[in-house]
Amino acid sequence: MHTLTVQTHRRNEWIDITPRVAEVVRRAGLKRGLCLVYCPHTTAAVTINEHADPDVAHDVLTCLARLVPHRHPDERHAEGNSDAHVKASLLGASVLVIVEGAELVLGQWQGIFFCEFDGPRSRQVLVQTLASA
Amino acid sequence: MHTLTVQTHRRNEWIDITPRVAEVVRRAGLKRGLCLVYCPHTTAAVTINEHADPDVAHDVLTCLARLVPHRHPDERHAEGNSDAHVKASLLGASVLVIVEGAELVLGQWQGIFFCEFDGPRSRQVLVQTLASA
Amino acid sequence: MHTLTVQTHRRNEWIDITPRVAEVVRRAGLKRGLCLVYCPHTTAAVTINEHADPDVAHDVLTCLARLVPHRHPDERHAEGNSDAHVKASLLGASVLVIVEGAELVLGQWQGIFFCEFDGPRSRQVLVQTLASA
């Protein structure tokens, strides 16, 4: 298991961590298998989406903010960040990517994003590789 | 593969199953690897979120009810539970957690929840461990 | 790794790929393990939901269209398909299913769907099996 540290700079922000995950996979020398990218936080997530045009991340974040507004009057959780917990469950705590020849098998436009929903904070991402039989 | 039975008590409810999944992993004696927690139902899900404060689960469920109302007039599915099917796909049928030393590697505030969206019912959760090479 | 080609026919459409994934698993002869079904596109997804009644897929698609409207005025991404990118992250790029005796272990009503959100297009789905120790 490898731990990456990610510094976020805004309350809501996607950070492209593809090169860092690819580097872990390359160093592990995994010929064939899977790579799990795991977020150990409950107000953040990881997702796979287009990383060629940064406007995509912007548009997804804007849409999520419309769907899940900050500080809704029905909230009970005292920290005032229930929107971030909702987004964490909607996007999910992990993504799984196929590995072949020590390289991530991603689609042409796909990148792996750390999704901050209650930043800015210093965060961690766990990367675990698994060889296929 | 291990099967857990979960009894739910309300139409919408999150149940913390972390101790039961941890027990399966401990008994399996898995040194390093992954643990898949899988929901075989289409009107329920599993998710990872904060389990320290039960208000978090309450707030997420309240937000999901706002986003996906019960018995929307556009529904065609005759069972009247299409909201539960939507929530099942939004949260997902499984979560994957890293295992080290026969213990789940979860973040400080993370727990694993069974998410009932069309209860009360008796449900099942499948737990499968996978050793890393 | 096995690649399936999926031809979609509408902008938003779910296609049941369960028989094709089951065939890959059967041919791989995997006794015990996991099967990853992975979508390498950023305007599509894969999900697990009920495939007995096609009205379920219809209702989920209708609900997603209400939540994430096409061509929202706040969008920046020039391709005009940001709704598809949002749906891709909400549903996720992959599903993971347990395999026993070269068969997928799915719940009674569960099927695996390829979820098109920006079709019609010719798409690919990657299927990777992983043996358990």
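Below is a short write-up of the structure. For every chain, the first residue of the written sequence is number 1, and numbering continues from 1 onward in sequence order. The lettering of chains begins at A and the numbering of ligands begins at 1, in the order of writing. It should be noted that, the model being predicted, local features are given only for residues of pLDDT at least 70 and side-chain atom pairs only at 80 or more, the latter also being counted only at that level, while totals for whole chains, interfaces and linings use all residues. Note that water and hydrogens are dropped before the side-chain values are worked out from all heavy atoms of the structure.

Only runs of H or I of at least four residues qualify as helices and only runs of E of at least two qualify as strands under DSSP, and these elements are numbered from the N terminus. Each helix and strand counted, chain A has three helices and eight strands in total. Helices and strands appear in chain A in the N-to-C order β-β-α-β-β-α-α-β-β-β-β. The principal-axis extents of the C-alpha atoms in chain A amount to approximately 50 × 30 × 25 Å. Put simply, chain A has 133 residues, and 62% of those count as buried. Restricting to contacts in chain A with at least 6 residues of sequence separation, those with at least 24 account for 81%. Residue-level accessible areas treat just the shown protein chains as cover; the underlying method is Shrake-Rupley with a 1.4 Å probe. In the structure as shown, chain A presents an accessible area of about 5100 Å², 49% of it carried by carbon and sulfur atoms. Treating the 13 positive side-chain charges of chain A as one cloud and the 15 negative ones as another, the clouds have centres 5 Å apart. Throughout this description, buried means an accessible area under 20% of the type-specific maximum (1.4 Å probe, protein chains only), exposed means over 50%, and partly exposed covers the range between. The contact rule is simple, with two residues in contact once any of their heavy atoms fall within 4.5 Å. For the purpose of counting charges, residues Lys and Arg are taken to be positive, whereas Asp and Glu are taken to be negative. His and the chain ends are not included. In this description, the location of a charge corresponds to atom NZ of lysine, CZ of arginine, CG of aspartate or CD of glutamate.

Of the two same-sequence chains, chain A is brought onto chain C (RMSD 0.0 Å, axial shift 0.0 Å) by a rotation of 120°. Taken together, the rotation angle and the small translation identify this as a three-fold axis. Residue A:Leu90 of chain A places its C-alpha closer to the rotation axis than any other residue of that unit, at 3.3 Å. Looking at the interface residues of chain A, only 14% of them are also at the interface in chain C, so each copy uses its own face. When the copies are superposed, the least-squares fit takes in the C-alpha atoms of residues with a pLDDT of at least 70 in both.

As a further point, take the interface of chain A and chain C. Interfaces are frequently sized by the accessible area removed from exposure as the parts join. Across the contact, 35 residues belong to chain A and 28 residues belong to chain C. A buried area of about 2600 Å², summed over both sides, lies between chain A and chain C, and 62% of it is on carbon and sulfur atoms. The buried area of a pairing is the accessible area, by a 1.4 Å probe, that goes missing from both parts when the two are put together, added over both. When the buried area of chain A at its contact with chain C is split by residue, A:Asp59, A:Leu96 and A:Ile98 rank highest and sum to 20% of it. The working definition used for a salt bridge is a side-chain nitrogen of Lys or Arg within 4 Å of a carboxyl oxygen of Asp or Glu. Counting across the chain A and chain C interface gives one salt bridge.

On to the environment of B:Glu50, then. Of note, B:Glu50 is situated in strand E4 (residues 44–50). With relative accessibility at 7%, the residue B:Glu50 sits in the buried group. Between the alpha carbons of B:Glu50 and B:Cys115 there is a distance of 13 Å; along the sequence they are 65 residues apart. With near-sequence residues (within four places) excluded, B:Glu50 lies in contact with A:Thr42, A:His77, A:Glu79, A:His85, B:Val56, B:Trp109 and B:Phe113. Within the local environment of B:Glu50, its side chain forms a polar contact with the backbone nitrogen of B:Asp53, the two atoms lying 3.3 Å apart. Under the rule applied, a polar contact is a pair of N or O atoms within 3.5 Å (in protein, one hydrogen donor and one hydrogen acceptor; residues adjacent in sequence only if both atoms are side-chain atoms).

Listed as interface residues are 29 residues of chain A and, on the opposing side, 35 residues of chain B. Summed over the three residues of chain A that lose the most area to chain B, namely A:Tyr38, A:Ser89 and A:Leu130, the buried surface amounts to 22% of that side. Two residues, B:Arg66 and A:Asp74, come together in a salt bridge whose shortest N-O distance is 3.4 Å. Counting every contact that joins chain A to chain B gives 13 residue pairs in polar contact (both at pLDDT 80 or more).

Our focus in this paragraph is the pairing of strand E3 (residues 32–38) of chain C. Residues and elements named next belong to chain C. Within E3, six of the seven residues are buried, which leaves the element mostly enclosed by the surrounding structure. Strands are treated as partners if at least two bridges between them are detected by DSSP. One ladder, built from six bridges, connects E3 with strand E8 (residues 122–131); its direction is antiparallel. Bridging from a neighbouring strand, Tyr38 pairs with Leu126 of E8.

Attention now goes to the packing of helix H2 (residues 54–67) of chain A against helix H3 (residues 82–91) of chain C. Each axis is a line fitted through C-alpha atoms, and for a helix only the stretch in contact is used; angles between axes span 0 to 180 degrees, taken between their N-to-C directions. Running from amino to carboxyl end, H2(A) crosses H3(C) at an angle of 70°, the nearest separation of the two axes being 9 Å. Classified by the angle their axes make, H2(A) and H3(C) are roughly perpendicular. Contacts between H2(A) and H3(C) involve A:Val56, A:Asp59, A:Val60, A:Cys63 and A:Leu64 from the first element and C:Ser82, C:His85, C:Val86 and C:Leu90 from the second. Counted by class, the contact of H2(A) with H3(C) contains six nonpolar, two polar and one charged residues. Here the word oblique covers every angle except those under 35 degrees (roughly parallel), over 145 (roughly antiparallel) and from 65 to 115 (roughly perpendicular). Gly counts as polar in this scheme, as do all residues outside two lists: the nonpolar Ala, Val, Leu, Ile, Met, Phe, Trp, Tyr, Cys and Pro, and the charged Asp, Glu, Lys and Arg.

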